[in-house]
Amino acid sequence: MIKTDILIIGAGPTGLFAVFEAGLLKLKCHLIDALPQAGGQCSEIYPKKPIYDIPGFPEILAGDLTNNLLEQCKQFEPGFTLGERAETIEKQEDGSFIVTTNKGTKHQAPVVAIAGGLGSFEPRKPLIDNITFFEDKGVEYFIKDPEVYRNKRVVISGGGDSALDWSIFLSKVASEVTLIHRRNEFRGALDSVEKVQELKNKGKIKLITPAEVINVVGHDKVEAVVVSQAEHIQKEFEIECDHFIPLFGLSPKLGPIANWGLEIEKNAIKVNNALDYQTNTPGIFAIGDVNTYPGKLKLILCGFHEATLMCQAAYQIINPGKKYVLKYTTVSGVDGFDGTRKEAPKQVVKSIN
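What you see as residue numbers is a count from 1 along each chain, following the sequence as written. Selection of residues for local features in this predicted model requires a pLDDT of at least 70, selection of side-chain atom pairs for listing and counting requires 80 or more, and totals for whole chains, interfaces and linings are taken over all residues. Think of the side-chain values as coming from all heavy atoms in the structure, minus any hydrogens and water.

1. Focus on the overall build of the protein chain
Selection criterion: Numbered from the N terminus, helices here are DSSP runs of H or I no shorter than four residues, and strands are runs of E no shorter than two. Each residue is assigned to one of three classes by its accessible area relative to the maximum for its type, calculated with a 1.4 Å probe on protein chains only: buried under 20%, partly exposed between the two thresholds, exposed over 50%. Contacts were defined at the residue level, with two residues in contact if any of their heavy atoms lie within 4.5 Å. Each accessible area value is a Shrake-Rupley result obtained with a 1.4 Å probe; residue values ignore everything except the protein chains displayed when judging cover.
Within the protein chain one finds seven helices and 25 strands. Along the three orthogonal principal directions, the C-alpha set of the protein chain runs to about 80 × 65 × 40 Å. Residues classed as buried in the protein chain amount to 46% of the 353 residues present. Within the protein chain, counting contacts between residues at least 6 apart in sequence, those at least 24 apart form 58% of the total. Split by element, the accessible area of the protein chain, about 18500 Å² in all, is 52% carbon and sulfur.

2. Focus: the packing of helix α4 (residues 161-170) against helix α5 (residues 190-201)
This is how it is decided: Angles shown run from 0 to 180 degrees and are taken between the N-to-C directions of axes, each axis being a line fitted to C-alpha atoms and, for helices, limited to the stretch in contact. With respect to orientation, any angle under 35 degrees is reported as roughly parallel, any angle over 145 as roughly antiparallel, any angle of 65 to 115 as roughly perpendicular, and every other angle as oblique. In this scheme, a crossing is called left-handed if the near helix is turned counterclockwise away from the far one by less than a right angle; it is called right-handed if the turn is clockwise. Gly is placed with the polar residues, together with every amino acid not listed as nonpolar (Ala, Val, Leu, Ile, Met, Phe, Trp, Tyr, Cys and Pro) or charged (Asp, Glu, Lys and Arg).
Where α4 meets α5, the axes come as close as 9 Å, and the angle between the chain directions of the two elements is 40 degrees. One way to sum up the angle between α4 and α5 is to call them oblique. The hand of the α4/α5 crossing is left-handed. On α5, the residues touching L164, D165 and I168 of α4 are S192, V193, K195, V196 and L199. Classifying every residue of the contact of α4 with α5 gives five nonpolar, one polar and two charged.

3. Observations regarding unusual backbone geometry
Cis geometry is adopted by the peptide bond preceding P210, which originates at T209 and carries an omega value of -20 degrees. Along the chain, P210 falls in the loop between β14 (206-208) and β15 (211-217). Phi is positive for N151, close to 60 degrees, though the residue is something other than glycine. Inspection of the secondary structure puts N151 in the loop between β11 (120-123) and β12 (153-157).

4. Some remarks on the sheet that holds strand β3 (residues 29-33)
Going by this rule: When DSSP finds at least two bridges between two strands, those strands are taken to pair.
Strands sit in the order β6-β3-β2-β10-β22 across an open sheet of five strands; the sheet is parallel. Two strands close off the open sheet at either side, each with one partner strand: β6 (79-82) and β22 (284-286). Averaged over all adjacent pairs, the angle separating strand axes in this sheet is 20 degrees, with direction ignored. Where strand β2 (residues 6-9) and strand β10 (residues 111-114) come together, four bridges link them in parallel fashion. Counted as the bridge partner of L7 is V112 from β10.

5. Focus on the state of the cysteines
As used here, a disulfide is simply a covalent bond connecting the sulfur atoms of two cysteines. How we decide: Disulfide: a pair of cysteine sulfur atoms within 2.5 Å of each other.
In the structure shown here, the tally under the stated rule is zero disulfides. Just so you know, C311 is unpaired, no disulfide at all, and the nearest cysteine sulfur is the one on C29, 6.1 Å from it. A relative accessible area of 0% places C311 in the buried class.

6. Describing the pattern of salt bridges
As a reminder of what qualifies: Salt bridge, as used here: a side-chain nitrogen of Lys or Arg that lies within 4 Å of a carboxyl oxygen of Asp or Glu.
Throughout the structure, instances matching the rule amount to 14 salt bridges. For K125, the salt bridge identified is with E135, shortest N-O distance 2.9 Å. On the criterion of sequence distance, the pair formed by K125 in the loop between β11 and β12 and E135 in the loop between β11 and β12 is long-range, its members being ten residues apart. Between E265 and K270 there is a salt bridge, with the nearest N and O atoms lying 3.8 Å from each other. Relative accessible area serves as the criterion here: at 36%, E265 is assigned to the partly exposed category. Its relative accessible area of 31% is what places K270 among the partly exposed residues. If you follow the salt bridges from partner to partner, you end up with R153, E240 and D242 in one network.

7. Remarks on a nonpolar patch on the surface
Stated precisely, the cut-off is as follows: Within the patch definition used here, like charges are joined within 9 Å and nonpolar side chains (Val, Leu, Ile, Met, Phe, Trp, Tyr) within 5 Å, considering only residues with over 30% relative accessible area and no salt bridge.
A contiguous nonpolar patch, built from L297, L299 and L301 and spanning about 220 Å² of accessible area, is present on the exposed surface. Position of L301 among the secondary structure elements: in helix α6 (residues 300-318). Residue classification places L301 among the partly exposed residues on the basis of a relative accessible area of 31%.

8. Some thoughts on the sheet that holds strand β21 (residues 268-270)
Backbone hydrogen bonds are what pair the strands of a sheet, in a parallel or an antiparallel way. Pairing is mixed across the open sheet formed by three strands, whose spatial order is β20-β21-β23. A strand with exactly one partner marks an edge of an open sheet, and here the two such strands are β20 (264-265) and β23 (291-292). Judged from the two bridges that link them, β21 and β23 form a sheet pairing that is parallel. Note that in β23 the partner of K270 across the bridge is T292.

9. Here's the deal with the nonpolar core
Applicable threshold: For the purposes of this section, nonpolar cores are sets of buried Ala, Val, Leu, Ile, Met, Phe, Trp, Tyr and Cys residues that join through side-chain atoms within 4.5 Å.
By size, the foremost hydrophobic cluster in this structure holds 58 residues, and its most contacted members are I6, I8, V99, V112, I114 and W260. In terms of residues, this core owes the most to one element, α6, which gives eight residues. Not counting residues up to four positions away in its chain, the partners in contact with I6 are A22, L27, K28, C29, H30, A109, V111, A113, C311, A314 and I318. Counting residues in hydrophobic clusters, the runner-up holds 19 residues, among them A163, L164, V196 and L199.

Okay, here's the thing in structure tokens:
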């Protein structure tokens, strides 16, 4: 049994920042995540994509943000159960909760904070009979490391921001990039559409519209895709390639958490945003993109704010009747559980003769 003060389900940015805020209150945290590494979407789906709305960072790569958050909370020694999905939750007589994963690992804590982002993600796959066979053999639904595509022939399908952005990015990495979309119009940012148009004119990107990939060809790996193009008459042809990347978006699902008796609205967990982001079950909170309330914005910076207030409420649950006096870290410094201390340099007191 793994015991902790706050059990955080989800090791994305919001969950990681909650570790830091809890540490300031001398509360220990343990995180559960179905992914094999911390960072959530930022490390699993788009580690190399820039984020522009993190306070103090005009631009930061999603993967770098994750690394910074891990470094920030490191001194509070969080525990991790990675590669396992939180499956069941049971309330105990003492008011604590036991959360068991799909692999049987049990965790006990008086407070549970669900920071599962948009839930578990499943890619929307094209309706191609043999697509599953070629997964991880040249068919990818996420781009984690662009260097995989260095000097390779890449076919991308899709008409949204991801398809446009990655086509632009990989045009500087791959030997050949072909973008296929079933419509002539794209639903991405205007500057991205214009950039693809410019790269097409320069011969850096091949654009085929309206068309769709209807089959994948190969023996042990992807060797080509079959394209059906709707013009005046329907025609089919093959494009030789090393990788086929269908970017049709993701389907978020709450997974087993949806069966925990929490109030759900539109695939998100309803919380009390007037106070502390607690759910309809006392002691269980939901922070970040996984929650919903009037005026909710699904932004990382909002998740950071929610995590901060959640930790204050968790402190009162764990230490009933004990008053916590908020102090700025510039004044109090930060004492880690590992014995380290961070503090602002002390002012030098000196008389002037």
